[in-house]
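Read off the chains here:
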Amino acid sequence: MQTNLADFIKDTAAGREADAILRSCVHCGFCTATCPTFQLLGDELDGPRGRIYLIKQMLEGQPVTEKTQLHLDRCLSCRACETTCPSGVKYHRLLEIGREVLEERVPRSLASRATRFLLCEALPRNWIFKPAVRIGQLMRPLLPAVLADKVPMAAGGVRLPWPQPAGHKRRMIALAGCVQPTLTPNTNAATARVLDRLGIELIEVPGAACCGALRYHLHAQEKALDDMRQVIDAWWPQVESGQVEGFVMTASGCGEHVRVYGELLQHDPAYADKAARIAALTRDASEVLAAEQDRLAELLRQAAVGTGQRVAFHSPCTLQHAQKIRGVVEALLAAAGYQLSPVADPHLCCGSAGTYSISQPVLATQLRDNKLAAMAAGSPAVLVTANIGCQTHLQGGSTMPVRHWIELIDERLRAAS
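Residues numbered from 1 in each chain as written. Predicted model: local features only at pLDDT ≥ 70, side-chain atom pairs only at ≥ 80, totals over all residues. Heavy atoms only, no water.

Engineer: Is there a simple way to think about the overall build of the chain in this case?
Structural biologist: In terms of regular secondary structure, the chain is built from 25 helices and 8 strands. For a compact globule of 417 residues, the expected C-alpha radius of gyration is about 22 Å, and the chain comes in at 22 Å, within 12% of that figure. Dimensions along the principal axes, computed over C-alpha positions, put the chain at roughly 65 × 50 × 45 Å. A total of 417 residues make up the chain; the buried ones form 53% of that total. When contacts within the chain are restricted to residue pairs at least 6 apart in sequence, those whose partners lie at least 24 apart make up 74%. (Helix = DSSP H or I, 4+ residues; strand = E, 2+ residues; numbered from the N terminus. Rg over C-alpha atoms; globule rule 2.2 N^0.38 Å. Buried < 20%, exposed > 50% of the residue type's maximum accessible area, 1.4 Å probe, protein only. Contact = heavy atoms within 4.5 Å.)

Engineer: Could you clarify how one ought to interpret the packing of aromatic side chains in this entry?
Structural biologist: Note on aromatic pairs: each is described by the distance of the centres and the angle between the planes. All told, the structure shown has 1 aromatic pair when counted by the stated rule. With a centroid separation of 4.2 Å and 20° between ring planes, the pair formed by Trp 235 and Phe 247 is classed as stacked. Of this pair, Trp 235 sits in helix 14 (residues 221-240) while Phe 247 is found in strand 3 (residues 246-249), placing the two residues 12 residues apart along the sequence. The same class applies to Trp 235 and to Phe 247, which are both buried. Taking NZ or CZ as reference, Lys 274 lies 5.7 Å from the ring centre of Tyr 271, over its face. (Phe/Tyr/Trp six-rings, centres within 6.5 Å; stacked < 30°, edge-to-face > 60°. Lys NZ or Arg CZ within 6 Å of the ring centre and 35° of its normal.)

Engineer: I tried to follow the sheet that holds strand 4 (residues 282-284) on my own but got confused; where do I start?
Structural biologist: Sheet strands pair via backbone hydrogen bonds, and the direction of the pair is either parallel or antiparallel. Pairing is parallel in the open sheet, where 4 strands are placed in the order 2-1-3-4. Every interior strand has two partners, whereas the edge strands, strand 2 (200-203) and strand 4, have only one. When strand polarity is set aside, the average angle formed by the axes of neighbouring strands in this sheet is 35°. Here strand 3 pairs with strand 4 via 3 bridges, running parallel. Of the residues in strand 4, the one forming a bridge with Met 249 is Asp 284. (Pairing = 2+ DSSP bridges. Axes fitted to C-alpha atoms, helices over the stretch in contact; angles between N-to-C directions.)

Engineer: Help me understand the pairing of strand 1 (residues 170-174) in this model?
Structural biologist: Examined bridge by bridge, strand 1 and strand 2 share 4 bridges and lie parallel to one another. Bridged to Arg 170 within strand 2 is Ile 200. Sheet topology note: the strand 1/strand 3 ladder contains 3 bridges and is parallel. Bridge pairing in strand 3 places Ala 174 opposite Val 248.

Engineer: Looking at this model, I keep getting lost on the sheet that holds strand 8 (residues 402-404). Mind explaining?
Structural biologist: Ordered in space as 6-5-7-8, the 4 strands form an open sheet in which the pairing is parallel. With partners counted over all chains shown, the strands left at the sheet margins are strand 6 (339-340) and strand 8, one partner each. Pairing of strand 7 (residues 382-385) with strand 8, which is carried by 3 bridges, proceeds in the parallel orientation. If you follow Thr 385 over to strand 8, its bridge partner there is His 404. Here helix 21 (residues 328-335) sits on the sheet in contact with strand 5 (310-313), strand 6 and strand 7, set at roughly 170° to strand 5.

Engineer: Looking at this structure, how should I read the packing of helix 2 (residues 13-24) against helix 7 (residues 91-105)?
Structural biologist: How two helices sit against one another is set out by the angle between their axes and by the gap between those axes. Packing of helix 2 against helix 7 brings their axes to within 10 Å, and their N-to-C directions diverge by 135°. By the angle between their axes, helix 2 is oblique relative to helix 7. Helix 2 and helix 7 meet at a crossing whose hand is left-handed. Within the contact between the two elements, helix 2 uses Ala 14, Glu 17, Ala 18, Ile 21 and Leu 22 and helix 7 uses Arg 93, Leu 94 and Ile 97. (Parallel < 35°, antiparallel > 145°, perpendicular 65-115°, else oblique. Left-handed = near helix turned anticlockwise from the far one by under 90°.)

Engineer: Help me out: how do you make sense of the environment of Leu 142 in this one?
Structural biologist: Note on placement: Leu 142 falls in the loop between helix 9 (126-139) and helix 10 (145-148). Each C-alpha atom of the pair Leu 142 and Ala 312 lies 33 Å from the other, and the pair is 170 residues apart in sequence.

Engineer: Is there a simple way to explain the packing of helix 12 (residues 186-197) against helix 25 (residues 405-416) in this structure?
Structural biologist: Two numbers describe how helix 12 lies on helix 25: the axes approach to 9 Å, and their chain directions differ by 45°. The orientation of helix 12 relative to helix 25 falls into the category oblique. Here helix 12 runs over helix 25; the crossing is left-handed. For the pair helix 12 and helix 25, the contacting residues are Asn 186, Thr 187, Ala 190, Thr 191, Arg 193, Val 194 and Arg 197 in the first and Ile 406, Glu 407, Ile 409, Asp 410, Leu 413 and Arg 414 in the second.

Engineer: Is there a simple way to think about the nonpolar core in this case?
Structural biologist: In summary, soluble globular proteins display a tendency toward joint burial of nonpolar side chains. Residues Leu 175, Trp 235, Phe 247, Tyr 261 and Ile 278 are the most contacted members of the largest nonpolar core, which totals 41 residues. Mapped by element, the contributors of at least two residues to this core are helix 8 (110-122), helix 9, helix 13 (213-216), helix 14, strand 3, helix 15 (252-258) and helix 17 (272-280). Looking at this core, the element that brings in the most residues is helix 14, giving 8 residues. If near-sequence neighbours (up to four positions away) are discounted, Tyr 261 is found in contact with Cys 211, Met 228, Val 231, Ile 232, Ala 275, Ile 278 and Ala 279. (Core = buried A, V, L, I, M, F, W, Y, C linked by side-chain atoms within 4.5 Å.)

Engineer: Where do I start with unusual backbone geometry in this structure?
Structural biologist: Leaving glycine aside, a negative phi is the common case for residues, and trans is the common case for peptide bonds. Of note, His 27 is a non-glycine position whose phi angle comes to about 60°, a positive value. Structurally, His 27 is set in the loop between helix 2 and helix 3 (36-41). On the basis of relative accessibility, which here comes to 34%, the residue His 27 falls in the partly exposed class. The residue Arg 79 is not glycine, and still its phi comes out positive at about 70°.

Engineer: Before we go on, may I ask you to explain the side chain of Glu 201 in this structure?
Structural biologist: With respect to the helices and strands, the residue Glu 201 is situated in strand 2. Given the relative accessible area of 17%, Glu 201 is considered buried. For Glu 201, the residues in contact, after removing those within four places along its chain, are Pro 165, His 168, Arg 170, Arg 171 and Met 172.

Engineer: When you look at the side chain of Asp 284 in this model, what are you seeing that I'm missing?
Structural biologist: Within the element layout of this structure, Asp 284 appears in strand 4. One buried charged side chain, Asp 284, makes no salt bridge at all; its nearest oppositely charged neighbour is Arg 259, positioned 6.4 Å away. A distance of 2.6 Å separates polar atoms of two side chains, one belonging to Asp 284 and the other to Ser 286. (Lys, Arg positive; Asp, Glu negative; His and termini not counted. Salt bridge = Lys/Arg side-chain N within 4 Å of Asp/Glu carboxyl O. Polar contact = N/O pair within 3.5 Å; in protein donor to acceptor, adjacent residues only side chain to side chain.)

That's the geometry; what it means functionally is another story.
As structure tokens, this is what we get:
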């Protein structure tokens, strides 16, 4: 693709990066075949190739309007197109650069700005988010359907405890996250119990809450970088003292973001090295368990009772497309005795995509319904996923339980004991 970037950006770091990405695109269109919004809308401008042209025109100085904003806003940032692209186009980075320029050139409506402000301020702060969720749950029967659908049901069942310290030589840190402690508090606790059986102590460190992904993707980059620095400050003493061997991510959205800390903070002299070190030590929970597969298999052999339950797994976009972790969770579930039911078009996004289900509710609901239909086709007893956003979004449209896959592994190990 030939380019002629405008003076306002061509000699900047962002401009040089965008130019290289644009020139790597060969217009083949393979990306449209796996783009969820193109599949729904059939509009070239709602597919990666069309959006690349829109960004190119904008960076070349051509006029941009609310129409450009509409088509870029509709992108889920799922990165399925990158998995498909034979040329290795870094579409997500081009989109980030394009959206940043667009925010400066096309003002948003007052309602849109207010919504984004509330999301940026409320979701990353548990002391605001937790009581807000509780109030929403109490008022759920009185809310309009479109709002009630966004309020998760109160967690049921018995909440099992975090394991007591057992003096394990190995120690890892889990990110508490911003919304996960309120919406699915058992996820990290179940991970801690599983790792405890494998001889690894899992801890959470106070002060490490939101990873910064939420604000970063809402174009509040400076606030997002502050969130990231806060996490690094909380974790760094443990790294510096050699007390932990790594960081375990139970939400694939957070894991994807923490893994690019080094890239996002590379120009911050006070944090660049720390960010790169933490990013290098970060692992998804499935990777941690896969590395212990021999010991895990030995423990699972003792849990033969009750095997064979059918489950349908939705692999979040942040797991399969961004982190490129594919087939690992499925192998762990199969090793634990679960039967994986087939899911058509597993590469397609469920529509959660951070705050997408709030900003684009119609498209998000269509994608969710399609995903739920695909998962239910194999008549599973339970639906599982690997990210808090996907889990709550899918649960909002399903009467079948949607759980984190680590809970199923935990149940098998507890059955053995």
